[in-house]
Amino acid sequence: MRAQNTLRDWSRSEQVALSNFALTAGWLPKFFDPSSNYYSVAVAREPEQAEIAAATPNSASFLMGLAVRRDCARLPAADVERPLKQLADQVAQMDEQIRGASPSLLLPWKSFGHLPLFSTSFVAEYLPLCLTPSGAGASLSYALVMRRLLLEFASPPGARGERSPPHAFVVSHASRAITAWRKVAPRALFDLIKDADALWNALESEREDFRGVVEWSSFENWWRVTMAQTTSDVFTDRTMDDVAETALANLRGLARQAVMTEISNQQRATSTIPDAASLAFGLLTLSEGDVSRHDELIVQGLDVLQGMQAYGLFPFGRPFFSDTRGVSLLVTSVEIAAATLEVAMNPRLQLSEELLDRVEDATGEVQKRLISDHNEIDGVSGWCSDRAAIEDRVESWVTAHAMAFFASRVRFLRLRKRLFVFSKFSIESYESVKPTWDKLPDPDKGHCTTSLKTKIEKPDNSTFLLYGPPGTSKTTVAKAAATMANNCRSIMMLSPSDFVQDSLERIEYRSREVFEQLMNVDNVVVIFDEIDTLFRDRTTLRNKAPGSILEFVVPALLPKLQDFRNYALRRNVTIFFLTNFVELIDPAISRAGRIDGQVIVLPYSVEARGNVVRALYAENAGVEGDNLEEMLKAFERLPCTLVYQDINALVLDVVANGFNLEDFERKAAGRGISPEVYVPEDRPRALREFCLFAARAFSIPLPREGLDDPDAQATFLRVLAARDLPSDWRRVVGAWQK
């Protein structure tokens with residue numbers, strides 16, 4: 001009971017975060033300025049405090065785009081489609097504006113100097129999410145911001161001179177920007193980034209556009225000093241990957257130093273004001289790199305960070321930007337909390353339950369403060385920076401960060417439930433699965449109009465009943481589904497023993513408990529093996545063992561199965577029920593609404609088997625030759641009853657000993673699935689499956705009307721009996737005809 005209460009507590013907290021995510025997403029569209037297609041920085045009661053986007057982009061707009069298109073997009077579509085609909089439409093309009101914007105309008109030249117590192121990083125993070133080949137202006141802008149970041153962070157040690165290292169907040173955003181650039185940038189863009197003269201000529205050609213944005217002579221001087229500096233050590237004779245890796249290594253070094261400094265300050269109890277932002281974003285940068293090199297430091301830093309939170313706030317620390325005018329910019333508590341959650345959710349870190357509890361408690365305090373303390377100005381709701389809290393002001397960028405924080409908190413709580421449930425069952429990583437889905441041979445290839453893999457890949461299907469004779473790799477198929485492209489997931493294996501851990505009398509209670517736990521995980525493939533033992537047909541049970549406790553299990557599970565199937569559709573869960581005896585399962589289990597597809601798994605068709613033989617031979621022999629062609633011809637003469645293990649054994653024997661037809665046929669004779677598994681005395685309701693098996697074995701085309709109807713089955717048996725069948729097949733066909 002305690003375990004279930006823990007799950008319920010997390011679920012309640014998750015719902016609070018999810019509802020506030022949706023609420024915040026509903027507030028943000030009011031910041032959108034349709035005349036410019038950008039977002040206002042703020043709305044204030046006093047006009048002189050408001051910063052309206054007018055006709056120019058701003059950091060707030062890029063941060064809004066990142067929150068919508070990256071941070072919140074990590075939630076399942078079912079959670080975000082409706083709340084983010086209006087925001088997503090607005091951001092799409094903004095993207096169109098960005099693609100056609102010139103660098104003079106798009107890039108940060110004015111408010112905080114020319115291309116300050118922090119806002120340049122925001123732009124560089126966002127542009128890969130919205131660029132298209134036709135966005136020539138934005139591509140030039142992308143080259144400019146990336147040159148700025150690479151010159152800053154890919155330069156050799158000592159190139160910074162006496163300048164202070166950038167704040168870890170800036171380091172983190174620059175690291176994400178360079179990582180994204182490395183993944184998406186075409187070679188032509190790197191060539192442009194390297195060519196300072198080409199970039200300057202492009203800017204000069206747009207000089208008129210810069211009128212009123214920059215003072216051109218001082219802009220030229222800035223370019224010579226900052227952007228046209230000697231670059232031989234940064235770009236010359238180096239590939240894009242080399243430059244990116246150098247920059248990322250330098251950034252990780254800066255992050256490591258920031259983390260070590262904050263940990264040291266805390267351990268020595270110095271009078272230095274704690275910089276929670278430096279620690280949080282330093283940890284984030286390290287966690288997004290090679291975690292194995294810094295895992296102990298990250299865990300230690302994460303522990304120290306939780307102790308800095310008080311009453312939903314983190315200490316101010318030092319600004320990530322300041323200038324001679326006295327302007328200072330500080331990281332907000334909600335940004336620190338969101339970074340903390342991202343670090344804690346890194347699957348490569350092995351965090352203790354105690355530390356996860358501390359992260360949950362600290363970020364929970366931030367959530368409480370957000371929920372209880374927001375502003376509303378002229379119908380526009382949201383938050384302003386807690387570093388300069390003003391009751392008469394609402395800032396779009398802070399509110400966007402709050403929305404992203406709520407989304408991260410939802411994901412974190414779901415992770416906690418997932419880890420808890422995983423500890424109760426047998427779990428397998430998709431990385432250990434072989435073959436993967438793309439390499440899995442489709443056993444129906446060339447014999448069925450709709451093949452097995454096509455049925456399972458069908459959109460909007462989450463629940464499948466895989467059945468068929470023993471040995472046809474039903475479990476292999478289900479596991480391989482966890483490795484589908486762009487949707488790799490962990491695998492949960494359940495068997496009847498998971499439902500009868502205590503005693504048979506408590507099976508109904510245990511079943512409810514299991515399904516409640518299963519409905520607290522996402523991004524997983526759940527495999528129920530040997531389900532015929534649990535979901536027995538109630539009619540059969542009444543006839544054989546009236547009053548059995550199992551009679552009452554199925555009625556209790558029916559609504560749970562339907563709920564689980566609906567849950568699975570929303571939460572990227574695929575469910576496979578596996579059985580060798582489908583006719584023993586209660587018909588109510590497999591009805592629509594509980595099972596999306598009943599898929600028979602049969603031995604390989606002629607074409608599929610040939611593909612398997614070729615793959616196995618190439619893997620083990622390395623080259624094609626006479627043995628392969630002769631062996632393929634010999635395989636074609638065999639009935640299609642061989643399973644993977646049979647084919648593998650025969651191929652390995654040929655690789656080791658060469659091919660001899662007589663020897664091959666002798667060794668193949670004792671292999672394959674026997675028709676005796678369908679003897680009617682043992683399985684009186686398995687005629688349809690037997691007919692499908694026989695059609696596969698002898699490559700008989702299936703009738704257009706199918707084999708569901710008893711008359712169609714009788715007709716098929718007559719067609720089958722007319723063939724020259726082996727003796728075991730004749731006996732089984734004759735038994736069915738009687």
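Residues numbered from 1 in each chain as written. Predicted model: local features only at pLDDT ≥ 70, side-chain atom pairs only at ≥ 80, totals over all residues. Heavy atoms only, no water.

Undergrad: An account of the overall build of the protein is requested, with residue identities and associated values reported.
TA: Looking only at helices and strands, the protein features 29 helices and 14 strands. Oriented by its inertia axes, the alpha-carbon framework of the protein measures out at about 100 × 65 × 55 Å. Burial status across the protein gives 54% buried among its 738 residues. When contacts within the protein are restricted to residue pairs at least 6 apart in sequence, long-range pairs at least 24 apart make up 75% of them. Approximately 32700 Å² of the protein is accessible, and the part contributed by carbon and sulfur atoms is 49%. Across the protein, the 83 positively charged side chains and the 97 negatively charged ones have centroids separated by 3 Å. (Helix = DSSP H or I, 4+ residues; strand = E, 2+ residues; numbered from the N terminus. Buried < 20%, exposed > 50% of the residue type's maximum accessible area, 1.4 Å probe, protein only. Contact = heavy atoms within 4.5 Å. Areas by Shrake-Rupley, 256 points an atom, 1.4 Å probe, with all protein chains shown as cover. Lys, Arg positive; Asp, Glu negative; His and termini not counted. Charge placed at Lys NZ, Arg CZ, Asp CG, Glu CD.)

Undergrad: Which residues make up the packing of aromatic side chains, and what are the values?
TA: The geometry of an aromatic ring pair comes down to the distance between the two centres and the angle between the two planes. All chains considered together, the criterion is met by 43 aromatic pairs. Residues Phe-169 and Phe-281 carry aromatic rings whose centres are separated by 5.0 Å and whose planes lie at 85° to one another, so their mutual orientation is edge-to-face. Within this pair, whereas Phe-169 is found in helix H8 (residues 168-184), its partner Phe-281 is found in helix H13 (residues 276-287), the two being separated by 112 residues in sequence. Its relative accessible area of 2% is what places Phe-169 among the buried residues. With 6.4 Å between their ring centres and 65° between their planes, Trp-222 and Trp-223 make a pair best called edge-to-face. Overall, Trp-223 belongs to the buried group, its relative accessible area being 4%. Every member of this aromatic cluster is reached through a ring pair, and the members are Trp-109, Trp-200, Phe-210, Trp-216, Phe-219, Trp-222 and Trp-223. (Phe/Tyr/Trp six-rings, centres within 6.5 Å; stacked < 30°, edge-to-face > 60°.)

Undergrad: Could you give an account of the packing of helix H12 (residues 240-267) against H13, with specific residues and numbers?
TA: Across the interface, H12 lies against H13 with an axial gap of 8 Å and an inter-helix angle of 140°. Judged by the angle between their axes, H12 and H13 are oblique. When the axes of H12 and H13 are compared, the crossing they make is left-handed. Contacts from Leu-251, Arg-252, Ala-255, Arg-256, Ala-258, Val-259, Glu-262 and Ile-263 in H12 reach Ser-278, Leu-279, Gly-282, Leu-283, Thr-285 and Leu-286 in H13. A class-by-class count of the residues in the contact of H12 with H13 yields eight nonpolar, three polar and three charged. (Axes fitted to C-alpha atoms, helices over the stretch in contact; angles between N-to-C directions. Parallel < 35°, antiparallel > 145°, perpendicular 65-115°, else oblique. Left-handed = near helix turned anticlockwise from the far one by under 90°. Nonpolar A, V, L, I, M, F, W, Y, C, P; charged D, E, K, R; others polar.)

Undergrad: Quick rundown of the pattern of salt bridges? Include the residues and the values.
TA: Inspection of every chain in the model, using the stated rule, returns 46 salt bridges. We note a salt bridge from Asp-71 to Arg-74, for which the minimum N-O separation is 3.9 Å. Among the residues examined, Arg-74 registers a relative accessible area of 36% and is labelled partly exposed. As a salt-bridge pair, Arg-211 and Glu-208 come within 2.7 Å of each other at their nearest N and O atoms. (Salt bridge = Lys/Arg side-chain N within 4 Å of Asp/Glu carboxyl O.)

Undergrad: Describe the pairing of strand S12 (residues 524-528), and please don't skip the residues or the numbers.
TA: Buried residues dominate S12, accounting for five of its five residues. Judged by which residues are buried, S12 turns out to be covered on both faces: Val-524, Val-526 and Phe-528 on one side and Val-525 and Ile-527 on the other are all buried. By the bridge criterion, five bridges tie S12 to strand S13 (residues 573-579) in an arrangement that is parallel. Along S13, the bridge assignment pairs Val-526 with Ile-575. (Pairing = 2+ DSSP bridges.)

Undergrad: Can you break down the side chain of Thr-472 residue by residue, with the values?
TA: Positionally, Thr-472 belongs in the loop between strand S10 (463-467) and helix H19 (474-480). Of note is the side chain of Thr-472, whose polar atom sits 3.0 Å from the backbone oxygen of Pro-469. Within polar-contact distance, the side chain of Thr-472 engages the backbone oxygen of Val-601 at 3.1 Å. Setting aside anything within four residues of it in sequence, one finds Thr-472 in contact with Val-601, Leu-602, Pro-603, Val-643 and Ile-673. (Polar contact = N/O pair within 3.5 Å; in protein donor to acceptor, adjacent residues only side chain to side chain.)

Undergrad: How would you sum up the sheet that holds strand S11 (residues 490-494)? Please name residues and give values.
TA: Strand order in the open sheet made by the six strands is S9-S11-S12-S13-S10-S14, with mixed pairing throughout. Either end of the sheet is taken by a strand with one partner, and the two such strands are strand S9 (426-428) and strand S14 (597-600). When the angles between neighbouring strand axes are averaged without regard to direction, this sheet yields 25°. In this sheet, S12 lies alongside S11 in parallel orientation, the contact comprising five bridges. Its bridge partner being in S12, Ile-491 is matched across the sheet by Val-525. Relative to S11, helix H17 (residues 396-422) is tilted by about 40°, and along the sheet it contacts S9, S11 and S12.

Undergrad: Pulling in residues and values, what's your account of unusual backbone geometry?
TA: Between Lys-434 and Pro-435 the backbone carries a cis peptide bond, its omega angle lying at -5°. Position of Pro-435 among the secondary structure elements: in the loop between S9 and helix H18 (452-457). Even without being a glycine, Asn-37 presents a positive backbone phi close to 65°. Residue position: Asn-37 is located in the loop between strand S1 (32-33) and strand S2 (38-39).

Geometry only, nothing functional implied.
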